[in-house]
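Understanding the architecture of this molecule
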Amino acid sequence: AGGWQTAEQVSDGSDDQQYPQIALDSSDNIHIAWMAYVTAMANNQVVYRKKTGAVWGSQEAITNTGFEQGWGLSISISADDIVNVVWSGQGWGANPTKYSIQYRRRVNGIWSPAQNNLVNEAKYNYLATSLWARYPSSNILAVGYAFIYVSENTLSDLEFYSGLYVAGLGYSQAHIIG
């Protein structure tokens, strides 16, 4: 008989832990990223954990800044098991008070040394969503990371974009609607 397994506690934070996103790698290991309030910084940050077999690894900080991070975060894993996380956050580039699209990748258990500021404009950019599906496998990019996001000039003027990031080649975007 089928049924749900017992719930597992992934985070033990004493403050808000929100918006979890989950992805599986090619060995069916579980990867979770979420937004966690960090009292010492008085704002939200992006954190991550991996479960291999029955064991949860340590919680890892993807961001560690004095600015708000983690809104609209999304996680995906490429065909070569590279973990990709995209989110919107403040404090970057020429428009530090606006939410811009940020990205980091985890290769062989190591996070890229710096997060990439993919979209930084004098308007709010948020709700980044990765484009990923385990099945059919043709939906998994062999190289790089694809996502969509919303850009806001005003509350009544929303624009939708797609983005593609390929390590070594950089970032490109395309306007979809708006």
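The structure presented is a predicted model; accordingly, all values stated were derived computationally and were not measured.

Considering the overall build of the chain
- When you go through the chain residue by residue, the secondary structure sums to zero helices and 14 strands.
- Per-residue burial for the chain yields a buried fraction of 42% across its 178 residues.
- The contacts of the chain with a sequence gap of at least 6 include a subset with a gap of at least 24, amounting to 40%.

Focus: the side chain of H31
- If you trace the backbone, H31 turns up in strand 2 (residues 30-38).
- For H31, a relative accessible area of 3% corresponds to the buried category.
- A distance of 2.5 Å separates a polar atom in the side chain of H31 from a polar atom in the side chain of Y48.
- In contact with H31, other than residues within four places in its own chain, are Q21, I22, A23, D25, Y48, R49, K50, I75, I77 and V83.

Here's the deal with the layout of surface pockets
- Space inside the largest pocket adds up to approximately 160 Å³.
- E8, V10, S11, Q17, Q18, P20, Q21, I22, I32 and W34 are the residues that line the largest pocket.
- Looking at the lining of the largest pocket, the elements that each hand over two or more residues are strand 1 (17-24) and strand 2.
- Of all the elements, strand 1 adds the most residues to the lining of the largest pocket, at five residues.
- Residues that form the lining of the largest pocket fall into these classes: five nonpolar, four polar and one charged.

Side note on the environment of N120
- Positionally, N120 belongs in the loop between strand 10 (116-119) and strand 11 (124-130).
- Separated by 30 residues in sequence, N120 and Q90 place their C-alpha atoms 9.6 Å apart.

Quick notes on the packing of aromatic side chains
- Going through the model one piece at a time under the given rule, you end up with one aromatic pair.
- With centroids separated by 5.1 Å and ring planes inclined at 85°, the aromatic side chains of Y48 and W111 adopt a geometry described as edge-to-face. In this pair, Y48 is assigned in strand 3 (residues 43-52) and W111 in strand 9 (residues 110-111), connecting sequence segments 63 residues apart.

Description of the nonpolar core
- Among the nonpolar cores identified, the biggest contains 13 residues, and I62, I75, V83 and V85 are the most heavily contacted of them.
- Taken together, the elements giving at least two residues each to this core come down to strand 2, strand 3, strand 6 (69-77) and strand 7 (83-89).
- Ignoring any residue separated from it by four or fewer positions in sequence, one finds I62 in contact with A33, V46, V47, Y48, V85, W87, R104, W111 and Q115.

Digging into the confidence of the model for the chain
- This prediction gives the chain a mean pLDDT of 78; 74% of its residues lie at or above 70.
- When the elements of the chain are averaged for pLDDT, strand 14 (residues 170-177) gives the smallest value, 59, and strand 4 (residues 55-56) the largest, 95.

Comments concerning unusual backbone geometry
- Look at Y19: it is not a glycine, yet its phi comes out positive at around 55°.
- Within the secondary structure, Y19 is located in strand 1.
- Notably, D81 is not glycine yet its phi reads approximately 65°, a positive angle.
- Relative to the helices and strands, D81 is located in the loop between strand 6 and strand 7.
- Under the relative-accessibility criterion, D81 is labelled partly exposed at 29%.

The rules we used
Residues numbered from 1 in each chain as written. Predicted model: local features only at pLDDT ≥ 70, side-chain atom pairs only at ≥ 80, totals over all residues. Heavy atoms only, no water. Helix = DSSP H or I, 4+ residues; strand = E, 2+ residues; numbered from the N terminus. Buried < 20%, exposed > 50% of the residue type's maximum accessible area, 1.4 Å probe, protein only. Contact = heavy atoms within 4.5 Å. Polar contact = N/O pair within 3.5 Å; in protein donor to acceptor, adjacent residues only side chain to side chain. 1 Å grid on protein atoms, 1.4 Å probe; cavity = no way out; pocket = protein on both sides within 12 Å on 5 of 7 lines; lining within 4 Å. Points joined across faces, edges and corners; volume = space filled by probe spheres on them. Nonpolar A, V, L, I, M, F, W, Y, C, P; charged D, E, K, R; others polar. Phe/Tyr/Trp six-rings, centres within 6.5 Å; stacked < 30°, edge-to-face > 60°. Core = buried A, V, L, I, M, F, W, Y, C linked by side-chain atoms within 4.5 Å. pLDDT = per-residue confidence, 0-100.

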